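Fold and contact review
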Amino acid sequence: MKGILKNKSIRRTMILTLTLMLVWPNFVEPAAAKEPATYRLKWLFNASVVGDLYADVHNLFAAKGLDVTVKEGGPERDAIRELEMGRAQFGVASADQVIRALDKGAAVVVIAQLFQINPLQWIYRPEKFRIDRLEDLKGKKLGVTFGGNDETILRTLLAKAGITEKDVTLFSVRYDYTPFYKHKVNFWPVYRNTQAIILSEKLRKEGEPVAFFNPAEFGVRFVANSVITSPRMIQEHPATVRNFTEALMLGWTQALDFNNHPKAIKTLQRFDKDTPVHILDQQLNETRKLIQPTPGFKVGTIDVAAWKQTEKIMLDQKQISTPVFVEKVLKSYIPY
Amino acid sequence: MRFSCRDITFKYPDASNYVFKNLSFELTEPGFNALFGPSGVGKTSFAKIITGEIKEFSGEISTDSMKILLYSYNLERLPGWSSVGKHLEKIIPLSQKSKKDELVEAFGLKEFIGARFSQLSLGQQNRVNLIRYLLQDFQMLIMDESLANVDELTREKILLKIKDMFPQTFFLYISHNVIEVSKFCKQILVLRSAGKIPQVITVEGENYSTLQQVDKQKLEQTMLEVMNASS
Amino acid sequence: MLLHRRIYQFFIIYLMGVALLLLLKYSLNLSDYVIPSLIDIWHTGIDVFVRYFSDVMNTLSVAVVGQIVSLLLAFLIGITGRQATWFGSFIKVAAYNVQAYPIVAIAPIIFILLGDGIATRLLIAAMICYFPLLLSVLGIMAEPITEIEHFYKVTGRMRWQLEIKIRAFENLNKLTTVIAGSATLAMAGTIVAEFIAANAGIGYSIRVALYQSDLAKILIALFLIGMTLSVYQGLLEATGYAVRKGWARI
């Protein structure tokens, strides 16, 4: 090691690398006439991000003097990390991500809450049984993604109903729905506004009606995707944050407006080429219900109570060690 | 028993030049004969034609009643997983055991019999290889540089021993050593390059065997003949 | 000894990796969410060590079985395919092609066919480590060792068993290296299989940790995987050395 450090050229390279690493985040500071910003989504381009895409495509960001690059998310993308590394200025993260990050000392601020109802729900066949009370889950085979949000939500529901793990069978869920198709599992977790549409259409073709089990209806309100930024952005570029949020909320409101339905579908089609239009139609309709549950609902409203409940759930399940008081980082920037 | 080749013509596929063209010769009786010639003249190819390893040639080879013709060469190795002695035991019929012991002794290998093949010197390796061939069932054995890396004195001893033990067998000894082939071989087939006619000149060797005095003049004469034939 | 050198070499690499991460963390003033602190890693280590260790052992056992299966298969096909030139080249073409498919694309198909049990993990592990093994074995078995085989051929003593023995013996070094190297592939294969299509093993635990964005857990998992692999590979190498010493006295 000593010998290596003595080598001048290696040492110089190391210093250069370190300097680069230190200086790198500063390169992405805004400079030009239109203020550049990067917006990292949580998941791939689909109906769940229609408003984000709409704001971009219809130049709503530009109208506010911003040059926003909307970046696709994915399983290994994490907007909170990117905010901290300076690679993004805005992002979408789920509530559990935000709370976990706060628990680990990350600095993050929630500026708007997109989903008012968590799209993560369970599909089942109502012909066989109905779920009117949580107790009805007893003896059922429940699909769950171990480690995922659905596990947290499901465990909370079970605990709420006093159902122990012995009373149900938990089935580990994968990408592939075969176990549900084959009736091996009674409940399968799905995203209500995206996968669920495709899945229920397939089952309907087979003559099997479907229903959805929505945890919110049983008092478990686990917050899903929200818009985030860093405290530094709020402190140093408050106008940018405001402009961004206004443009984004306008995008969402317009995208969900019934009058703009065809325009919104066209926007989606540009990014999601694989999904047939009639599916996109249904997906958009379902997304509307989750983000704007009532006509005229103010898109982006932060449901503080739900956030607090989400934190309590995670604390109860020991996913975080101490309270993070999430309400402190909920700073609504929505313009209404 | 006699062995003859008539009008052997051969070239390697895709090669433009012939290796042999109308090559003919005859060995009339068993004994220790030599195949002599400059490097690259085709001695090894010729040996492979004789033993049937190369089949794409024209001409005729007559082996009389001889059925088994073996070709051995100096780079051969024994497998490394057990000792030389164990290998020899495995591949030499029990009936030949006393002969084996005799050869091991005469070839100066007795103290190395427990060693692995890779532990032997090149000369020792060649001698071990030769022993295992000598004790196989055959009517003709081609020894391609089989005594390379063996010192001169030992070589003489070995050659004399072979001649003594196998008088009724055909040997074709490939060597570059003019003195050696002139001195010990019965007939020396001098192989010349393809353009020359004839391609083989047969020189009568001195065919020394045990206990004979060397006639220097005659030997020199034979050597000269061999050299002239090959040039 | 080879084994302990492997272990401390791994230690150095791992520590260098962690040091680089920490350097990045403190120089950029990153939170524990982005890069966990040393204390965080330590506490997580204490928390999950036993569970992760048994997960890694679980994975290793599948990897070992997968490796043995692929070794047997590679030898079987390598030996039968060594002479028939059409078959030999067919196998090679097939091997190259299948190797080119990303396992993440094939895994869901296997998962549908075999479910998420041990069979899927085993098959994927074997698939990943089988083809390189097959190519080596095929290469070795198809290459004559003329200077040894000549004698047995011309004296009519050659049997296929002897031919294989000669070729294997002459390539013992290559074979033991390839086998030790394939351990990494078998392990990687099993982990990938667990990551996409299983309910057990360290790959599955990594996936769960990723859901929770828990980098500390990932670092512990990587440590245990690297450590176990070093020991396993070291043992394989030592065995290979012992075999060579016993068989060839070298």
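Everything below is about the structure shown above.
Only a predicted model underlies this, so the values are computations on that prediction, with no experimental measurement involved. (Residues numbered from 1 in each chain as written. Chains lettered and ligands numbered in written order. Predicted model: local features only at pLDDT ≥ 70, side-chain atom pairs only at ≥ 80, totals over all residues. Heavy atoms only, no water.)

1. Description of the overall build of chain C
The test is simple: Think of it this way: any DSSP run of H or I at least four residues long counts as a helix, any run of E at least two long counts as a strand, and we number them from the N terminus. Between buried and exposed lies partly exposed: a residue is buried under 20% and exposed over 50% of the maximum accessible area for its type, with that area taken using a 1.4 Å probe on protein chains only. In this description, contact between two residues means that some pair of their heavy atoms is separated by no more than 4.5 Å. Residue-level accessible areas treat just the shown protein chains as cover; the underlying method is Shrake-Rupley with a 1.4 Å probe. A positive count includes Lys and Arg, and a negative count includes Asp and Glu. His and the chain ends are not counted in either. One atom stands in for each charge, and that atom is NZ of Lys, CZ of Arg, CG of Asp or CD of Glu.
Counting its secondary structure elements, chain C contains 10 helices and 0 strands. In sequence order, the secondary structure elements of chain C are arranged as α-α-α-α-α-α-α-α-α-α. Dimensions of chain C, computed from the C-alpha atoms along their principal axes, are close to 75 × 45 × 30 Å. A burial count over chain C gives 50% of its 250 residues as buried. Here the contacts in chain C between residues at least 6 apart in sequence split such that 75% fall between residues at least 24 apart. Of the roughly 11,900 Å² of accessible surface on chain C, 72% is carried by carbon and sulfur atoms. The average position of the 18 basic charges and that of the 13 acidic charges among the side chains of chain C differ by 11 Å.

2. With respect to helix H4 (residues 122–134) of chain B
Residues and elements named next belong to chain B. To be explicit about the condition: Each helix should span, by expectation, one fewer than its residue count multiplied by 1.5 Å.
The terminal C-alpha atoms of H4 lie 18 Å apart, and with 13 residues this matches the ideal 18 Å at 1.5 Å per residue to within 8%. Of all 13 residues that make up H4, 12 are buried, and the element is covered over most of its length. Within H4, the full set of buried residues consists of Gly123, Gln124, Gln125, Asn126, Arg127, Val128, Asn129, Leu130, Ile131, Arg132, Tyr133 and Leu134.

3. Some points on the interface of chain C and chain B
The condition is simple: Each of two parts loses accessible area, computed with a 1.4 Å probe, when they are put together; buried area is these two losses added. Salt bridge, as applied in this entry: a Lys or Arg side-chain nitrogen positioned within 4 Å of an Asp or Glu carboxyl oxygen. Within 3.5 Å is the distance limit for a polar contact, defined as a pair of N or O atoms, with the added protein rule that one can donate a hydrogen and the other accept it, and that residues adjacent in sequence qualify only through two side-chain atoms. Note on residue classes: Ala, Val, Leu, Ile, Met, Phe, Trp, Tyr, Cys and Pro are nonpolar, Asp, Glu, Lys and Arg are charged, and everything else, Gly too, is polar.
Facing the 18 residues of chain C at the interface are 17 residues of chain B. When chain C packs against chain B, close to 1,700 Å² is buried across both sides, 54% of that on carbon and sulfur atoms. By the criterion of area lost to chain B, the three top residues of chain C are Glu147, His150 and Phe151 of chain C, representing 36% of everything that side buries. The interface formed by chain C and chain B contains 2 salt bridges. Applying the counting criterion to the chain C and chain B interface returns 6 residue pairs in polar contact (both at pLDDT 80 or more). Among the secondary structure elements, those contributing two or more residues to the side of chain C that touches chain B are helix H6 (146–154), helix H7 (160–170) and helix H10 (215–248) of chain C. With 7 residues, the single largest contributor to the side of chain C that touches chain B is H6 of chain C. Looking at the side of chain C that touches chain B residue by residue, the class counts come to 10 nonpolar, 3 polar and 5 charged.

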